[in-house]
Amino acid sequence: MGDVVKDLTAGTVGGAAQLICGHPFDTIKVKLQSQPAPLPGQPPKYAGAMDAVRQTLAAEGPRGLYKGMGAPLATVAAFNAVLFSVRGQMEALLRSEPGAPLTVNQQVICGAGAGVAVSILACPTELIKCRLQAQSALADSASTGAAVKYGGPMDVARHVLRSEGGVRGLFKGLVPTMAREVPGNAVMFGVYEALKQFFAGGQDTSKLGRGSLIVAGGLAGGSFWLLVYPTDVIKSVIQVDDYRNPKFSGSMDAFRKILALEGIKGLYKGFGPAMARSVPANAACFLAYEVTRSSLG
C-alpha cells in the first residue's frame, strides 16, 4: 500500500474520531460567536457556554448539539485525506533520505502547506455547518427576523447556489479560512512533533506509547486555537452574515466593527468551548491517525 493511500486512510479515521468527539463543543462555539450583540440594557441570548448548552438541549434536545454535522461528516474523508496526504508528501520532499525524521521547523512548513490545501475544502463545508449551527442564535435578532430557515446541509447549499452568487457564494469567508488554517496547522504540526521528540528524548518517535500521543495531540490542537481564534470568529460572522443586508464588507471591516462594538472580548466569544473541544478532539484525531497509520505499515 502506497504512502498516499496510507495517509488518506489514516487521516479519514482520525478525522472521524475528531468530529464525533468534538462536534457538540463546536456547535456551542459557533452559537456564541454568531449571536447578535444585545441591545443596550438587554442581556445577550446566551450568558455563556453552559447557558448555551442548556438552551440548546431545552429547545432542540441532544440532536441540537450535533446540528450541522452532516456537512463535515460527508467531507471528513476528503478533508483529512488532503490534510495528512499533503503533509505526507511535503515530508517526503523535505527528507534528506527515505525514512529520515524531520525537524520541528520542517514539520511547521509541512503543516502550513497542508493548511493551504485544506482551506479550499474547509471553506464551503464550514459555511454550511455554521449556517445550521447559528440559525437558532440568529432567529431572535431584529435584523435577522426574516432569516432563512434551513432544513439541512443540502438545503443550505441549494439556497447559497441559487440566491447568493452561485459557487462563489459557497466560498464566502475564504480569506479568514486560509488565515486560520495556514498558521494554525503550521503551529499544530510543529508543536505535535516537538512534543513527540521531547517525550521520546530524540528524533526517533516510533516507540512512543498511546498516552504520549494523546498528550501531544491534545496540546497541539490547543495551540492551534490559541494562535488563530480571533480569525475563526471573523470567519464565522462573515459566513453567517445576511447576503442581501450584510453587516460586514470584508474581514478587516468585521474585525474593526467587532472591536469597536464589543472590544477584545468580542474576538474571543466561544473561546472556552473551542478549547474544551480542541484538546480531546485533536487527541482522538492524532491517536487514531497514528494507530491506523502504524497498522498499515
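Just so you know, these numbers come straight off a predicted model, no measurement behind them.

1. A short note on the overall build of the chain
Link 1 in the chain: Across its full length, the chain carries 10 helices and 0 strands.
Link 2 in the chain: If you list the helices and strands of the chain from N to C, you get α-α-α-α-α-α-α-α-α-α.
Link 3 in the chain: Relative to the compact-globule value of 19 Å for 297 residues, the chain shows a C-alpha radius of gyration of 20 Å, a close match.
Link 4 in the chain: By principal-axis analysis of the C-alpha atoms, the chain measures approximately 60 × 35 × 35 Å.
Link 5 in the chain: Counting only contacts in the chain whose residues sit at least 6 apart along the sequence, the fraction spanning at least 24 positions is 78%.

2. Considering the nonpolar core
The nonpolar side chains of a soluble globular protein tend to be buried with one another.
Link 1 in the chain: Phe84 and Phe286 are the most contacted members of the largest nonpolar core, which has 31 residues in total.
Link 2 in the chain: Mapped by element, the contributors of at least two residues to this core are helix 3 (70-94), helix 4 (104-138), helix 7 (174-200), helix 8 (210-239), helix 9 (251-262) and helix 10 (271-295).
Link 3 in the chain: Here this core gets 11 residues from one element, more than from any other, and that element is helix 8.
Link 4 in the chain: Discounting chain neighbours no more than four positions away, the residues touching Phe84 are Asp7, Gly11, Phe189, Cys285, Phe286 and Tyr289.
Link 5 in the chain: Counting residues in hydrophobic clusters, the runner-up holds 8 residues, among them Leu127, Leu132, Tyr150 and Leu170.

3. Looking at the packing of aromatic side chains
Link 1 in the chain: Counted under the stated rule, the structure contains 11 aromatic pairs.
Link 2 in the chain: For the ring pair Phe189 and Phe286, a centre distance of 5.8 Å and an interplane angle of 80° mean the geometry is edge-to-face. Placement of the pair is Phe189 in helix 7 and Phe286 in helix 10, with a sequence separation of 97 residues.
Link 3 in the chain: Under the relative-accessibility criterion, Phe189 is labelled buried at 0%.
Link 4 in the chain: With a centroid separation of 5.1 Å and 65° between ring planes, the pair formed by Phe224 and Trp225 is classed as edge-to-face. Exposure class is identical for Phe224 and Trp225. Each is buried.
Link 5 in the chain: By the ring-pair criterion, three or more aromatic residues cluster together here, those being Phe84, Phe189, Tyr192, Phe286 and Tyr289.

4. Structural notes on the side chain of Ser278
Link 1 in the chain: Summarising the element assignment, Ser278 is placed in helix 10.
Link 2 in the chain: For Ser278, the side chain forms a polar contact with the main-chain oxygen of Gly221, separated by 2.7 Å.
Link 3 in the chain: A polar contact is formed between the side chain of Ser278 and the backbone nitrogen of Gly222, at a distance of 3.3 Å.
Link 4 in the chain: Contact partners of Ser278, with chain neighbours within four places excluded, come to Gly218, Gly221, Gly222, Trp225 and Ala283.

5. Here's the deal with the state of the cysteines
Put plainly, two cysteines are in a disulfide when a covalent bond ties their sulfur atoms together.
Link 1 in the chain: Summed over all chains, the structure comprises 0 disulfides.
Link 2 in the chain: The closest cysteine sulfur to the non-disulfide-bonded Cys110 is located on Cys285, 16 Å from its own sulfur.
Link 3 in the chain: Look at Cys110 and you get buried, because its relative accessible area is 0%.
Link 4 in the chain: No disulfide involves Cys285; its nearest neighbouring cysteine sulfur is the one of Cys21, lying 10 Å away.

6. A look at the confidence of the model for the chain
Link 1 in the chain: Averaged over every residue, the pLDDT of the chain is 87; the share at 70 or more is 94%.
Link 2 in the chain: Mean pLDDT per element in the chain: helix 3 is the minimum at 81, and helix 7 is the maximum at 96.
Link 3 in the chain: Considering only residues more than four positions removed or in separate chains, one finds that residues 142-146, a stretch of pLDDT under 50, has 2 contacts.

7. Here's the deal with the pattern of salt bridges
Link 1 in the chain: Evaluated as defined, the whole model comprises 17 salt bridges.
Link 2 in the chain: Here Arg131 and Glu164 are joined by a salt bridge, their closest N and O atoms 2.9 Å apart. Here Arg131 is found in helix 4, whereas its partner Glu164 is found in the loop between helix 5 (153-163) and helix 6 (167-170), with 33 residues between them in sequence.
Link 3 in the chain: With a shortest N-O distance of 4.0 Å, Glu193 and Lys196 are connected by a salt bridge. Residue Glu193 and its partner Lys196 are located together in helix 7, separated by 3 residues, close to a single helical turn.
Link 4 in the chain: Note on Lys196: relative accessible area 8%, which makes it buried.
Link 5 in the chain: A cluster of three or more residues bridged by salt bridges with shared partners is formed by Asp26, Lys29, Glu126, Lys129, Arg180, Glu181, Asp232 and Lys235.

8. Focus on helix 5
Link 1 in the chain: Among all positions of helix 5, only Val156, Ala157, His159 and Val160 are buried. Down the axis, helix 5 shows its buried residues gathered within 165° of arc, on one side only. With respect to the buried face of helix 5, the exposed residues turned more than 90 degrees away are Met154 and Arg162.
Link 2 in the chain: Immediately downstream of helix 5, the backbone of Gly165 shows phi near 95°, a positive value.

9. Considering the environment of Pro273
Link 1 in the chain: You can see Pro273 is positioned in helix 10.
Link 2 in the chain: In contact with Pro273, not counting residues within four places along its chain, are Phe25, Ile28, Lys29, Leu32 and Ala49.

So, how was this worked out
Each residue is numbered by its place in its chain's sequence as written, counting from 1. A pLDDT threshold of at least 70 governs which residues receive local features in this predicted model, and a stricter bar of 80 or more applies before side-chain atom pairs are shown or counted, although totals over entire chains, interfaces and linings include all residues. Each side-chain value is worked out from all heavy atoms of the structure, with water and hydrogens disregarded. Strands here are runs of E lasting at least two residues and helices are runs of H or I lasting at least four, both read from the DSSP assignment and numbered beginning at the N terminus. Between the two quantities, the radius of gyration covers C-alpha atoms and the globule rule is 2.2 Å times the number of residues to the power 0.38. By definition, residues are in contact when any of their heavy atoms lie within 4.5 Å. The criterion is simple. A nonpolar core is a set of buried Ala, Val, Leu, Ile, Met, Phe, Trp, Tyr and Cys residues joined through side-chain atoms within 4.5 Å. Residue burial is assigned from relative accessible area. The probe radius is 1.4 Å, only protein chains are included, and a residue is buried under 20% of its type maximum, exposed over 50%, and partly exposed in between. Only Phe, Tyr and Trp rings take part, Trp by its six-membered ring, and two of them pair if their centres are within 6.5 Å. Stacked means planes under 30 degrees apart, edge-to-face means over 60, and tilted covers everything else. Under this definition, polar contacts are N or O atom pairs within 3.5 Å; protein pairs additionally need one hydrogen-donor-capable and one acceptor-capable atom, and for neighbouring residues in sequence, both atoms have to be side-chain atoms. Put simply, a disulfide is two cysteine sulfurs that come within 2.5 Å. A residue's pLDDT is the predictor's confidence in that residue, given on a scale from 0 to 100. Salt bridges are defined by distance alone: a side-chain nitrogen of Lys or Arg within 4 Å of a carboxyl oxygen of Asp or Glu. By arc we mean the arc of the directions from the helix axis to the C-beta atoms, nothing more.

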